[in-house]
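Chain residues, written in single-letter form:
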Amino acid sequence: MHDKLLQYIQLEHDFTPEDIEAVKNCFEPVKFLKNTVIEKEGEVPVYLYYIVSGYLRLFYLDQKGNQITTHINCPPGFFTSYTHFINGTRSQDHVECITDCELLRISKLNLDHLIDISQAMKNFSISVFRQSIIYNENRSRELSALTAEQRYLKLLEDYPGIIQNVPIQYIASFLGMKPESLSRIRRKIIN
């Protein structure tokens, strides 16, 4: 499992053999079954996850008890409730495996250690968190500027495998609409 992570982190950063060994030692391989909640609301997120295979989502419960999906991710990518993971604060979100998942996880303590001993890991971590900020800004812009149909079509373009792997109610919530509205959009596109 580490091979996929190492390929990913070395795309734009030069890791020494010592850096690579430290990464292997600090990232723990784990597998979870579909529908497993791996981080819970009210707890400090313990791990940053690298997705080797599968789909994860970040969601919270609104005042009526409805699940609101705020993020969906698939490989290659990192996933957690970032703000709470970085700050060591209690999260309002759950992290759930939408499908069976193979992940590599690293604790905040081990991540901080890797960043301290490896300039390449420090640079890579900064790059990952920058990408997260850019993604969140773009997502906010899309939610406010694009129509529901445009958001759906963009999602399909960016993540073509999502329809086969993620239940429609999660996709609808992620796109800021009701499942019935997404069903109408999908029928319109098919026709």
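Preceding block: the structure.
Notes on the structure follow. What you are looking at is a predicted structure, and each value in this text was computed from that prediction instead of being measured.

1. Some remarks on the sheet that holds strand β3 (residues 47-53)
Strand order in this open sheet of 4 strands is β1-β8-β3-β6, and the pairing throughout is antiparallel. Strands with a single pairing partner mark the edges of an open sheet, and in this sheet they are β1 (28-32) and β6 (77-79). Across the sheet, the mean angle from the axis of one strand to that of its neighbour is 35°, orientation sign disregarded. The strands touched by helix α1 (residues 2-9) are β1, β3, β6 and β8 (101-107); relative to β3, the strand with the most contacts, the crossing angle is about 105°.

2. Brief notes about the packing of helix α2 (residues 17-26) against helix α4 (residues 108-117)
Where α2 contacts α4, the axes come no closer than 10 Å and their chain directions differ by 175°. Taken together, the axes of α2 and α4 are roughly antiparallel relative to one another. In this structure, α2 uses Asp 19, Ala 22, Val 23 and Cys 26 to contact α4, whose residues at the interface are Asn 110, His 113, Leu 114 and Ile 117. Each residue belonging to the contact of α2 with α4 can be placed in one class, and the counts come to 5 nonpolar, 2 polar and 1 charged.

3. Regarding the sheet that holds strand β4 (residues 56-61)
Within a sheet, adjacent strands bond to each other through the backbone by hydrogen bonds, running parallel or antiparallel. With antiparallel pairing, the 4 strands of this open sheet are ordered in space as β2-β7-β4-β5. Strands at the two margins of the open sheet, each flanked by one partner only, are β2 (37-39) and β5 (67-73). Here the average twist between neighbouring strands, direction ignored, is 35°. Pairing analysis gives 2 bridges linking β2 to strand β7 (residues 94-97), with the strands arranged antiparallel.

4. A few points about the side chain of Asp 19
Inspection of the secondary structure puts Asp 19 in helix α2. Buried and unpaired, Asp 19 has Lys 122 as its nearest opposite-charge partner, separated by 13 Å.

5. Quick notes on the packing of aromatic side chains
Per the stated rule, a full pass over the model turns up 8 aromatic pairs. Aromatic side chains Tyr 8 and Phe 78 sit 6.1 Å apart centroid to centroid with 45° between the ring planes, which places their arrangement in the tilted category. Taken together, the residues span a long stretch of sequence, with Tyr 8 in helix α1 and Phe 78 in strand β6 at a distance of 70 residues. We note that Tyr 8, like Phe 78, is buried. Every member of this aromatic cluster is reached through a ring pair, and the members are Tyr 8, Phe 27, Tyr 50, Phe 78 and Phe 124. The aromatic ring of Phe 59 is capped on one face by Arg 57, whose charged end is 3.9 Å from the ring centroid. Sitting over the face of the ring of Tyr 47, Arg 105 holds its NZ or CZ atom 4.1 Å from the ring centroid.

Analysis parameters
- Residues numbered from 1 in each chain as written.
- Predicted model: local features only at pLDDT ≥ 70, side-chain atom pairs only at ≥ 80, totals over all residues.
- Heavy atoms only, no water.
- Pairing = 2+ DSSP bridges.
- Helix = DSSP H or I, 4+ residues; strand = E, 2+ residues; numbered from the N terminus.
- Axes fitted to C-alpha atoms, helices over the stretch in contact; angles between N-to-C directions.
- Contact = heavy atoms within 4.5 Å.
- Parallel < 35°, antiparallel > 145°, perpendicular 65-115°, else oblique.
- Nonpolar A, V, L, I, M, F, W, Y, C, P; charged D, E, K, R; others polar.
- Buried < 20%, exposed > 50% of the residue type's maximum accessible area, 1.4 Å probe, protein only.
- Lys, Arg positive; Asp, Glu negative; His and termini not counted.
- Salt bridge = Lys/Arg side-chain N within 4 Å of Asp/Glu carboxyl O.
- Phe/Tyr/Trp six-rings, centres within 6.5 Å; stacked < 30°, edge-to-face > 60°.
- Lys NZ or Arg CZ within 6 Å of the ring centre and 35° of its normal.

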